[in-house]
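Examining the three-dimensional arrangement
Spelled out, the chains give:
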Amino acid sequence: MPTLKEAAADFLAQRRIAVAGVSRDAKQPANANYRKLRAAGHQVFAVNPQATTSLEGDACYPSLRAIPGGVDAALVFTPAAAAAAVVRECAELHIPRVWLHQGLGPGSVSDEAVALARQEGIALIAGACPMMFVPGADPFHRCARVIKGWVGTLPEGTDYVVGGPVQR
């Protein structure tokens, strides 16, 4: 079982990453992560079934299935009740890595999504924020990672980090 740090490094080593839940409201965490990943050199794809044209200056897709050429990983910022549907689509499309975001609020983690990822053999991070692990993380996210580690609220262990790094 990989550590959270290892799972995050594997996820962030991927070139093509879908961000499900990018919003028309540029202040949302999904949008901040989208911009950070794009600035770090990833090819990112905004996914939002309610946005039909573009978000963050890029094309927006109604589903993962609509992304031309597919992706290596999916970052999920949907409400927890919708996360299992995204994980199910990842399984159908053979997307091997999923990160269910969780910041200060309830996030995208659901028991159903975690169980489905486990059943489908998807490498899953259920909780935390990728911005805690990207190179050049801002002070807030670096501090949040340290504090969450101290108080034991970072996802570690088999309940939150499912599967191992996928062989390349």
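Refer to the structure above for everything that follows.
Given the structure is predicted, the values throughout are model-derived calculations rather than measurements. The residue numbering used here restarts from 1 in each chain and proceeds along that chain's sequence as written. Local features in this predicted model are restricted to residues whose pLDDT is 70 or higher, and side-chain atom pairs enter the listing and the counts only when it is 80 or higher, whereas totals over whole chains, interfaces and linings include all residues. Excluded from the side-chain calculations are hydrogens and water; all other atoms, namely the structure's heavy atoms, are used.

To continue, consider the pattern of salt bridges. Oppositely charged side chains may form a pair once their charged atoms are brought near each other. Any carboxyl oxygen of Asp or Glu within 4 Å of a side-chain nitrogen of Lys or Arg constitutes a salt bridge here. Taken as a whole and judged by the stated rule, the model has six salt bridges. Here Arg-65 and Glu-89 are joined by a salt bridge, their closest N and O atoms 3.5 Å apart. Taken together, the residues span a long stretch of sequence, with Arg-65 in the loop between strand 4 (58-61) and strand 5 (73-76) and Glu-89 in helix 3 (residues 80-93) at a distance of 24 residues. With a shortest N-O distance of 3.5 Å, Glu-112 and Arg-88 are connected by a salt bridge. Of the two residues, Glu-112 is situated in helix 4 (residues 111-120) and Arg-88 in helix 3; the sequence distance between them amounts to 24 residues. To sort residues, take the accessible area from a 1.4 Å probe on protein chains only and compare it with the maximum for the residue type: under 20% means buried, over 50% means exposed, and anything in between is partly exposed. You can call Arg-88 partly exposed: its relative accessible area is 36%. In the salt-bridge network here, residues are joined through shared partners; they are Arg-65, Glu-89 and Glu-92. Helix numbers and strand numbers start at the N terminus; a helix is a DSSP run of H or I with at least 4 residues, a strand a run of E with at least 2.

Another point: the nonpolar core. Core analysis: the largest hydrophobic core is formed by 30 residues, its most contacted members being Phe-11, Val-19, Leu-37, Leu-75 and Trp-99. Mapped onto this core, the elements with two or more residues apiece are helix 1 (4-12), strand 1 (16-20), helix 2 (29-39), strand 2 (43-47) and strand 5. Element by element, the count of residues in this core is highest for helix 1, at five residues. Should any heavy atoms of two residues lie within 4.5 Å, those residues are considered in contact. Here Val-19 is in contact with Ala-30, Tyr-34, Leu-37, Phe-45, Ala-46, Val-47, Leu-75 and Phe-77, once residues within four sequence places are set aside. Residue types Ala, Val, Leu, Ile, Met, Phe, Trp, Tyr and Cys, when buried and joined through side-chain atoms within 4.5 Å, form a set referred to as a nonpolar core. Core analysis: the next-biggest nonpolar cluster, separate from the first, contains 26 residues, Ala-18, Val-87, Val-98 and Val-114 among them.

With respect to the element layout, Gly-121 can be found in the loop between helix 4 and strand 7 (123-126). Judged by relative accessible area, Gly-121 falls into the exposed class, the value being 61%. Sequence separation of Gly-121 and Arg-97 is 24 residues, and the distance between their C-alpha atoms is 9.4 Å.

For the rest of this paragraph, the subject is the packing of aromatic side chains. Ring pairs shown here join Phe, Tyr and Trp side chains whose ring centres sit within 6.5 Å, with only the six-membered ring taken for Trp; geometry is labelled stacked below 30 degrees between planes, edge-to-face above 60, and tilted in between. For the coordinates displayed, the defined rule picks out three aromatic pairs. Each ring, one from Trp-99 and one from Phe-133, has its centre 6.0 Å from the other, and the planes form 55 degrees; the classification is tilted. Placement of Trp-99 in strand 6 (residues 97-100) and of Phe-133 in the loop between strand 7 and helix 5 (139-151) is noted, with a sequence separation of 34 residues between them. You'll find Trp-99 and Phe-133 in the same group, each marked buried. Here the aromatic residues Phe-11, Trp-99 and Phe-133 are joined through ring pairs into a cluster of three or more.

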